[in-house]
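Descriptive structure summary
Here is how the chains run, residue by residue.
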Amino acid sequence: MCRADILLGYIGLAEWQLCPAFPEPHGLAEVGFFVFGAPVNKIVRIGILFSRSGDYQIVANASYNGALAAIEAINADPGRPVRFEARERDPQGRIEQYGPLCRELLRDDDVQHIIGCTTSWSRKDVIPILERHGGLLWYPCPYEGFEASDRVIYTHACPNQHIVPLLAYIVPRFGSDAFLVGSNYIWGWEVNRVARDLIGDVNGRVLGERYLSIGDVDVDRLIAEIRIARPSFILNNLIGQSSYAFLRAYARLGQEDEHFTARHCPVVSCNLTEPELPAIGPAAEGLMSVGPYFANPACRDATSPSSDHAAAYAAVVMLADAIEAAGTADAEAVRQILVTKEFETPLGLVHVDRQTQHTALPVHIGRVENGAFHGVWQSESAYAPDPYLSRPGSRILPGGSRLRMVS
Amino acid sequence: MSPLGQRASRIPKLGGKCALILHRQHANLAALSRQLAAIGLDAREVWPTLPADAYEADFVFFDVDMACDDQFPWAPGEAPMPLIALIGSEAPGRIEWAISHRADAHILKPIGSAGIYSALLIALQKFEERRALVEEIAGMRVQIAQRGLVVRAILHLIQQGMSEEDAFRELRTIAMHERITLEMAAQNLVQGIYLRRNRRSQS
């Protein structure tokens with residue numbers, strides 16, 4: 001044990017919270033002691049805020065498991081000076097729970113870093129609380145973009161890393177007559193909004209756009225409309241049980257009419273991942289999805305079972321590395337040093353963009369075959385994040401040519 | 001069901017747009033500049049006056065607390081781009097002054113990550129709406145000014161033996177054929193009469 005730990009123990013601090021640049025006001029100045037970046041074994045409390053029950057629990061649990069697996073790995077690594085202690089809260093899929101539980105973590109548990117949130121709705125609810133308390137949210141899910149909060153580190157894909165490359169792949173192969181479906185909240189609305197623009201650029205048509213409330217499984221009318229519209233593909237932005245009910249019903253439609261099969265009119269999405277496949281069952285065959293990672297056999301070096309898991313795992317690894325590099329868990333110091341480093345994670349060697357605090361990520365497109373994603377396309381390198389789709393080339397086909405319709 | 005080709009609105013492309021921030025050095029500026037860079041704009045902080053090339057900017061943010069008319073190269077209300085007011089003190093005099101400059105949107109200080117993207121989009125939409133209205137009003141003023149010409153053209157056609165209704169129809173047909181406005185058709189007709197009269201009087 002080094003001198004710092006002895007002294008911390010002496011003054012009764014169970015947990016390391018010191019920082020040379022940001023000394024904590026726990027009477028340390030009174031004893032005239034500071035730690036100057038020396039590596040010391042230290043326990044850092046971090047918050048875990050995922051809904052372990054409720055409508056989208058499958059995906060949330062995948063993220064939760066990824067975060068916990070990373071914490072376990074870091075705590076077991078003798079080469080690392082940092083140790084994490086997880087403080088968990090479960091909003092149970094109830095939107096009104098996220099804000100109060102986030103506040104509890106920041107105020108009562110004294111954490112500065114929270115790994116959590118699945119829906120954009122919940123993320124937007126906790127941001128004002130993070131701003132008030134100076135905390136950081138490590139957000140490990142794909143989202144619709146058009147946000148760059150300095151209180152959030154985004155470790156999963158934003159639109160130029162999901163919907164743009166997905167449509168660039170789909171439209172030339174299947175045609176540009178789209179039917180857009182989604183859950184009735186910001187994810188579906190905004191991803192479909194971007195899709196409308198992209199499809200419009202190639203003179204494609206949106207034959208229908210329909211939304212279901214989260215949890216609504218009454219999909220008959222939706223299926224009837226798709227049957228009449230006969231699109232060339234369906235962009236599915238439904239989440240949770242609505243999505244699974246829709247996919248099962250669409251598979252039944254495909255048994256009646258061959259047009260509605262993956263060969264002619266695939267269902268594609270930006271957020272379908274491995275842990276959801278068992279819930280969908282055989283109806284998952286042929287579904288296509290885009291993400292920064294798919295588990296083996298679609299992706300090399302698959303150490304995580306899904307991108308939800310991998311992005312949450314990556315968030316914890318990046319946090320640990322940044323704390324060690326900064327010599328402190330202080331949110332501001334971590335934020336500053338984070339954008340100067342590269343991190344070895346299950347998503348590959350990644351870095352966080354200084355301007356947007358989004359992660360540069362590879363892009364993979366996978367198709368479900370025999371209950372697992374198989375890669376059909378992958379980017380040559382990581383895509384720099386562009387959450388506002390404002391950078392040159394962000395709204396065109398990777399490689400420089402505009403999306404072209406071949407149908 | 002809405003075929004996409006009929007959609008009018010699109011997500012505006014803000015990437016590469018230039019924004020000037022007329023504000024004294026302050027921590028607020030860092031947050032604003034950071035967020036504008038994240039959105040993809042090139043932002044430049046200027047104080048105490050807007051530079052000569054300010055007319056080229058796509059957006060101007062201005063400090064309502066400390067700025068005054070002399071800092072702008074244009075008269076109040078005549079900015080050639082969307083203006084976004086940065087409001088700290090909500091004193092009525094300062095708000096009144098911001099309104100005199102026709103701010104298209106505003107952001108309250110302290111400035112954080114939120115509110116800047118929406119302010120850009122609202123300001124852009126308001127500015128374009130205002131510009132379209134100004135153009136429409138100018139066009140209508142021209143139309144009103146040309147009412148006399150239309151009356152004279154109609155009278156001329158009536159004198160040629162047409163009914164009032166036929167005269168109107170004739171004028172409208174000429175405008176349609178020549179793909180010009182009714183007022184321009186009237187002007188051409190009246191000018192033609194003058195030319196013929198002049199030719200007759202000269203011969």
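From a predicted model like this one, the values you see are computed outputs, not experimental measurements.

Observations concerning the overall build of chain A
Secondary structure summary: chain A contains 11 helices and 14 strands in total. Residues counted as buried form 55% of the 407 residues belonging to chain A.

Considering the domain arrangement of chain A
All names here are of chain A. For chain A, the domain assignment lists domain 1 (3-157 + 303-351) and domain 2 (160-299 + 363-378). Where the side of domain 1 that touches domain 2 is concerned, the elements lending two or more residues are helix 2 (57-76), helix 4 (120-133) and helix 10 (307-326). Among the elements that make up the side of domain 1 that touches domain 2, the one with the highest residue count is helix 10 (4 residues). Grouping the constituent residues of the side of domain 1 that touches domain 2 by class yields 14 nonpolar, 6 polar and 3 charged.

Some details on the sheet that holds strand 4 (residues 83-87) of chain B
Residue and element names in this part refer to chain B. Pairing within the open sheet is parallel, and its 5 strands lie in the order 2-1-3-4-5. Lying at the two open borders of the sheet, with one neighbouring strand each, are strand 2 (42-46) and strand 5 (105-108). Direction aside, the axes of adjacent strands within the sheet are offset by 20° on average. As paired strands, strand 3 (residues 59-63) and strand 4 are joined by 4 bridges and run parallel to one another. Opposite D63, over in strand 4, you have L86 as the bridge partner.

Regarding the pairing of strand 1 (residues 18-22) of chain B
Residues and elements named next belong to chain B. The buried fraction of strand 1 is high, at 4 of 5 residues. Sheet topology note: the strand 1/strand 2 ladder contains 5 bridges and is parallel. If you follow I21 over to strand 2, its bridge partner there is E45. What joins strand 1 to strand 2 is helix 1 (residues 27-39), and the crossover it makes is right-handed.

Looking at the pairing of strand 7 (residues 205-212) of chain A
All names here are of chain A. In this sheet, strand 7 lies alongside strand 6 (residues 177-183) in parallel orientation, the contact comprising 7 bridges. Bridge pairing links A178 to V206 in strand 7. On the question of chirality, the crossover connecting strand 6 to the parallel strand 7 by way of helix 6 (residues 186-201) is right-handed.

A look at the environment of A:G208
Inspection of the secondary structure puts A:G208 in strand 7. Here the alpha-carbon distance between A:G208 and A:V181, two residues 27 residues apart in the chain, equals 8.0 Å.

Some words on the nonpolar core
Nonpolar side chains tend to gather and get buried jointly when the protein is soluble and globular. Membership of the largest hydrophobic core comes to 164 residues, with the highest contact counts inside it found for A:A67, A:A315, A:V316 and B:V60. Discounting chain neighbours no more than four positions away, the residues touching B:V60 are B:L20, B:L22, B:L50, B:A54, B:A79, B:M81 and B:L83. With 5 residues, the next largest nonpolar core counts B:A153, B:L157, B:L171 and B:A186 among its residues.

Some remarks on the environment of A:A62
All names here are of chain A. Tracing the backbone through its elements, the reader meets A62 in helix 2. Each C-alpha atom of the pair A62 and H351 lies 23 Å from the other, and the pair is 289 residues apart in sequence. The residues touching A62, leaving out its near neighbours within four places in the chain, are T273, P275, S306, D308 and H309.

With respect to the domain arrangement of chain B
Along its sequence, chain B is carved into domain 1 (13-137) and domain 2 (146-202). Taking only C-alpha atoms into account, the centre of domain 1 of chain B sits 49 Å from that of domain 2 of chain B.

Quick word on the interface of chain B and chain A
At the junction of the two partners, chain B supplies 20 residues and chain A supplies 25 residues. Among the elements that make up the side of chain B that touches chain A, the one with the highest residue count is helix 1 of chain B (5 residues). Among the residues making up the side of chain B that touches chain A, the classes are represented as 9 nonpolar, 7 polar and 4 charged.

Reading the values: rules and limits
- Residues numbered from 1 in each chain as written.
- Chains lettered and ligands numbered in written order.
- Predicted model: local features only at pLDDT ≥ 70, side-chain atom pairs only at ≥ 80, totals over all residues.
- Helix = DSSP H or I, 4+ residues; strand = E, 2+ residues; numbered from the N terminus.
- Buried ≥ 20, exposed ≤ 12 C-beta atoms within 10 Å, placed from the backbone.
- Domains from an automatic or database assignment.
- Nonpolar A, V, L, I, M, F, W, Y, C, P; charged D, E, K, R; others polar.
- Pairing = 2+ DSSP bridges.
- Axes fitted to C-alpha atoms, helices over the stretch in contact; angles between N-to-C directions.
- Right-handed = clockwise from strand over helix to strand, strands pointing away.
- Core = buried A, V, L, I, M, F, W, Y, C linked by C-beta atoms within 7 Å.
- Contact = placed C-beta atoms within 7 Å.

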